[in-house]
Amino acid sequence: MEEWTSVFLDLCHDLQRRGFVSGSGGNVSFRFGDRLLITPSGRNLGAIRERDLIFLNRDGSWEGEGRPSKEWRMHLRCYCRDDVSVVIHVHSSYAVALSCLDLPDSDCAMAVYTPGYAIQVGNLPLLPYMVPGSEELADRVASVIDGRNSVLLANHGILAVGSSPERALNVVEEIEENARLHFILDGRGRPLGEEERKALSLLYR
Ligand SMILES: [Zn+2]
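Residues numbered from 1 in each chain as written. Predicted model: local features only at pLDDT ≥ 70, side-chain atom pairs only at ≥ 80, totals over all residues. Heavy atoms only, no water.

What follows is about the pairing of strand 2 (residues 35–38). Of the pairings in the sheet, the one linking strand 1 (residues 27–32) to strand 2 comprises four bridges and is antiparallel in character. In the sheet register, R31 faces strand 2, and the bridge partner there is L36. Connecting strand 1 to the next strand, strand 2, in antiparallel fashion are two residues, including G33 with a positive phi near 65 degrees. As paired elements, strand 2 and strand 3 (residues 54–56) share three bridges and run antiparallel to each other. Within strand 3, the residue paired with I38 across the bridge is I54. (Pairing = 2+ DSSP bridges. Helix = DSSP H or I, 4+ residues; strand = E, 2+ residues; numbered from the N terminus.)

As structure tokens, then:
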């Protein structure tokens, strides 16, 4: 097995084992030369093996035993950015719960509570509900990902991109953890202020 295939499978299995996805939800892709390596449709990420992987071409055609994730359009569009090597899309519980609230600010779905979240994510934009797998969703995600590394999808989940599996996973983990804090604190938390966040960005830029 090629090293990247092994890294890909480990990431898929890890996401399922840690509860970031359930059932056949969630999907992952890696840039693989001119193509993408992407998870198959309708499969549990924890059960995927090497023979199940799909190679997706830029024109939407694919090679593999099954079909690519129905959310392949959304993945493909994220790779318009040259620095994106990995796309992770999950339906993790706290982030999905947050995405189901009637949130007043679509530019910042939740307050920023910790330095880790401030550095990795910051103001998380929220897109309105759109049919999973639709062209419309792929278009809107692409327009957001053009300028940042993550987005919350209403009544659906998280999408995060990165230059490596670790970087994309870090973003997913920070979003899920901050969403968990959002519900634990139940409005009683003190978010980091603008000056505190500015100091972090100067220190870690
Ligand atoms: Zn989804």
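Our focus in this paragraph is the UniProt feature "domain: Class II aldolase/adducin N-terminal" (unreviewed entry) in the protein chain. UniProt marks residues 6–183 with the feature "domain: Class II aldolase/adducin N-terminal" (unreviewed entry), using the numbering shown here. For residues 6–183, the end-to-end C-alpha separation is 35 Å, with 35% helix and 18% strand making up the annotated structure. (UniProt positions renumbered as here; feature names shortened; annotations may be inferred.)

Another point: the coordination of the zinc ion. Think of it this way: four donors in a tetrahedron around the metal ideally sit 109.5 degrees apart, and six in an octahedron ideally sit 90 or 180 degrees apart. Donor atoms from the polypeptide that coordinate the zinc ion comprise E71 (OE), E71 (OE), H89 (NE2), H91 (NE2) and H156 (NE2), at 2.0 to 2.8 Å from the metal. The sequence pattern describing where the donors of the zinc ion fall on their chain is E-x17-H-x1-H-x64-H. Linking E71 in the loop between strand 4 (62–63) and helix 2 (72–78) with H89 in strand 5 (residues 86–90), this pair joins segments that are 18 residues apart in sequence. Residue classification places E71 among the buried residues on the basis of a relative accessible area of 3%. (Donors = N, O, S within 2.8 Å, 3.2 Å for Na, K, Ca; no water. Buried < 20%, exposed > 50% of the residue type's maximum accessible area, 1.4 Å probe, protein only.)

To continue, consider helix 1 (residues 3–17). In a regular helix each residue adds 1.5 Å, so 15 residues correspond to 21 Å; helix 1 covers 21 Å between its end C-alpha atoms and thus fits that length. Turning to helix 1, its buried residues are T5, F8, L9, L11, C12, H13, D14 and L15. For helix 1, the elements touching its buried residues are strand 1, strand 2, strand 5 and helix 6 (165–185). Following helix 1 by one or two positions, G19 has its phi on the positive side, about 85 degrees. (Expected span 1.5 Å × (residues − 1). Contact = heavy atoms within 4.5 Å.)

Turning our attention to the side chain of N178. Structurally, N178 is set in helix 6. Here A111 takes part through its backbone oxygen, which lies 2.8 Å from a polar atom of the side chain of N178. (Polar contact = N/O pair within 3.5 Å; in protein donor to acceptor, adjacent residues only side chain to side chain.)

We now examine helix 6. With 21 residues, helix 6 ought to run about 30 Å at 1.5 Å a step, and its terminal C-alpha atoms sit 30 Å apart, in line with that. Along helix 6, the residues classified as buried are P165, A168, L169, V171, V172, I175, E176, N178, A179 and L181. D186, located one to two residues past helix 6, shows a positive phi value of around 50 degrees.

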